[in-house]
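Structural description and commentary
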Amino acid sequence: MTSKRYIVDYDSKSHAVESKNSGSFSIRIRAAERHLVRSPSGRETLCKQISLGEIYDAIASEIPHAFLAGEEVCIGFVANVLSKANMISWIQQRILPKICRDAINMSRNLEETGEEGFLVEAEVEVIKEISLEGFYDFNDYDSVGRLIPTEPDCTICLEELSSGGPKTIMKLRCAHNFHRDCLLTWLRRKHSCPTCRYDINSPPPRNDLPRMIIFSKEKLTRGGSSGFKFFPQINYLCNR
Ligand SMILES: [Zn+2]
Ligand SMILES: [Zn+2]
């Protein structure tokens, strides 16, 4: 299973510049994509990160003194500048309050020191996080009593699984075990189990316990001359 979320990382520095009665700001926006592996207990491990570079040309503008009087007027002014630069509205919404607060604080500080203008330089990173779910690492093993690997060797590097201890083992929903590092390297290229090709993006089984047999949906079958008989239908879950 894959889930996505967006994070906006905002960082700024401000300094006084020679400019009468106004503040200015400049914003640089970069994007990145981050792939994570998440276990049922919520533990996340970074699998890979791709930098996508700058997604907008640097945006710079002056904020006239009148617009530094309060947050509302300042947000209105800066929003107008960002919209003209065609910035996506949800990115705007996340950075507007921050950049305006920085600008207003800076103008108040300057009033005390008697200097006249300032520049707020904001560095913004928009990160798309993609989480792959359905991995068990040693903490999850403990909670569900599945610490012991089901195979002796890691089929990626062909070395013994027990060599590195339980902390280095990771298990997939299909119940196959690998060295944690071997599996993370593999997942950078493919989203399937190296042993059985179980598709990691497929929905989780109804019952998440591997190697389980469930007797369900009794099937009505015609049983000879005596009439109808019930036979259990066997569903093998993740036991490919
Ligand atoms: Zn290995
Ligand atoms: Zn498998």
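Residues numbered from 1 in each chain as written. Chains lettered and ligands numbered in written order. Predicted model: local features only at pLDDT ≥ 70, side-chain atom pairs only at ≥ 80, totals over all residues.

- The name given to the protein in an unreviewed UniProt entry is RING-type domain-containing protein, and the organism recorded there is Thlaspi arvense.

**A word on the overall build of the protein**
- For the protein, the helix and strand inventory stands at four helices and 10 strands.
- Along the protein, helices (α) and strands (β) appear in the sequence β-β-β-β-α-α-β-β-α-β-β-α-β-β when read from the amino end.
- Expressed as a percentage of its 240 residues, the buried residues of the protein come to 20%.
- Sequence-distant contacts, at least 24 apart, represent 66% of the contacts inside the protein between residues at least 6 apart. (Helix = DSSP H or I, 4+ residues; strand = E, 2+ residues; numbered from the N terminus. Buried ≥ 20, exposed ≤ 12 C-beta atoms within 10 Å, placed from the backbone. Contact = placed C-beta atoms within 7 Å.)

**Some remarks on the pairing of strand β7 (residues 169-172)**
- The alternating pattern of β7 places I169 and K171 on one face and M170 and L172 on the opposite face, and all of these are buried.
- Sheet topology note: the strand β6 (residues 135-136)/β7 ladder contains two bridges and is antiparallel. Of the residues in β7, the one forming a bridge with F135 is L172.
- Sheet analysis places β7 next to strand β8 (residues 177-179), joined by three bridges and oriented antiparallel. Of the residues in β8, the one forming a bridge with I169 is H179.
- Counted between consecutive antiparallel strands, the loop separating β7 from β8 contains four residues, among which A175 sits at a positive phi close to 80°. (Pairing = 2+ DSSP bridges.)

**What to know about the packing of helix α1 (residues 71-84) against helix α2 (residues 89-113)**
- At a minimum axis distance of 9 Å, the contact between α1 and α2 shows a crossing angle of 125°. Considering the angle they form, α1 stands oblique to α2. Crossing of α1 against α2: the hand is right-handed. In contact with E71, C74, I75, V78, A79 and L82 of α1, α2 contributes Q92, L96, P97, I99, C100, R101, A103 and I104.
- Tallied by class, residues from the contact of α1 with α2 come to 11 nonpolar, one polar and two charged. (Axes fitted to C-alpha atoms, helices over the stretch in contact; angles between N-to-C directions. Parallel < 35°, antiparallel > 145°, perpendicular 65-115°, else oblique. Left-handed = near helix turned anticlockwise from the far one by under 90°. Nonpolar A, V, L, I, M, F, W, Y, C, P; charged D, E, K, R; others polar.)

**Focus on α2**
- Taking 1.5 Å as the rise per residue, α2 with 25 residues should run 36 Å; its terminal C-alpha atoms sit 36 Å apart, in good agreement.
- Restricting attention to buried positions, one finds in α2 the residues I95, I99, C100, D102, A103, I104, M106 and S107.
- Taken together, the buried residues of α2 touch β1 (2-17), β2 (22-38), β4 (59-64), α1 and β5 (117-133).
- At the C-terminal side of α2, G114 shows a positive phi close to 85°. (Expected span 1.5 Å × (residues − 1).)

**Overview of the environment of V120**
- Here V120 shows up in strand β5.
- Residues V120 and G23, 97 residues apart in the sequence, show an inter-C-alpha distance of 7.9 Å.
- Each residue touching V120, except ones within four places of it in the same chain, is listed here: S12, S14, G23, F25, I99, D102, A103 and M106.

**A few points about the sheet that holds β6**
- The strand order across the open sheet built from three strands is β6-β7-β8, with neighbouring strands paired in antiparallel fashion. Strands at the two margins of the open sheet, each flanked by one partner only, are β6 and β8.
- Along the sheet, helix α4 (residues 180-187) makes contact with β7 and β8, crossing β8 at roughly 95°.

**Some remarks on α1**
- The terminal C-alpha atoms of α1 lie 20 Å apart, and with 14 residues this matches the ideal 20 Å at 1.5 Å per residue to within 8%.
- Those residues of α1 lying buried are C74, V78 and L82. Down the axis of α1, the smallest arc covering the buried residues is 65°, so these residues share one side. Relative to its buried face, α1 has exposed residues pointing more than 90 degrees away, namely E72, N80, S83 and K84.
- Summarising the contacts, the buried residues of α1 are in contact with β4 and α2. (Arc of directions from axis to C-beta.)

**Quick notes on unusual backbone geometry**
- In this model, N86 sits at a positive phi of 60°, which is unusual for a non-glycine residue.
- Along the chain, N86 falls in the loop between α1 and α2.
- Of note, the phi angle at L158 is positive, near 65°, even though the residue is not glycine.
- When you line up the elements, L158 lands in the loop between α3 (138-144) and β7.
- Judged by local crowding, L158 falls into the exposed class, with 8 C-beta atoms found within 10 Å.

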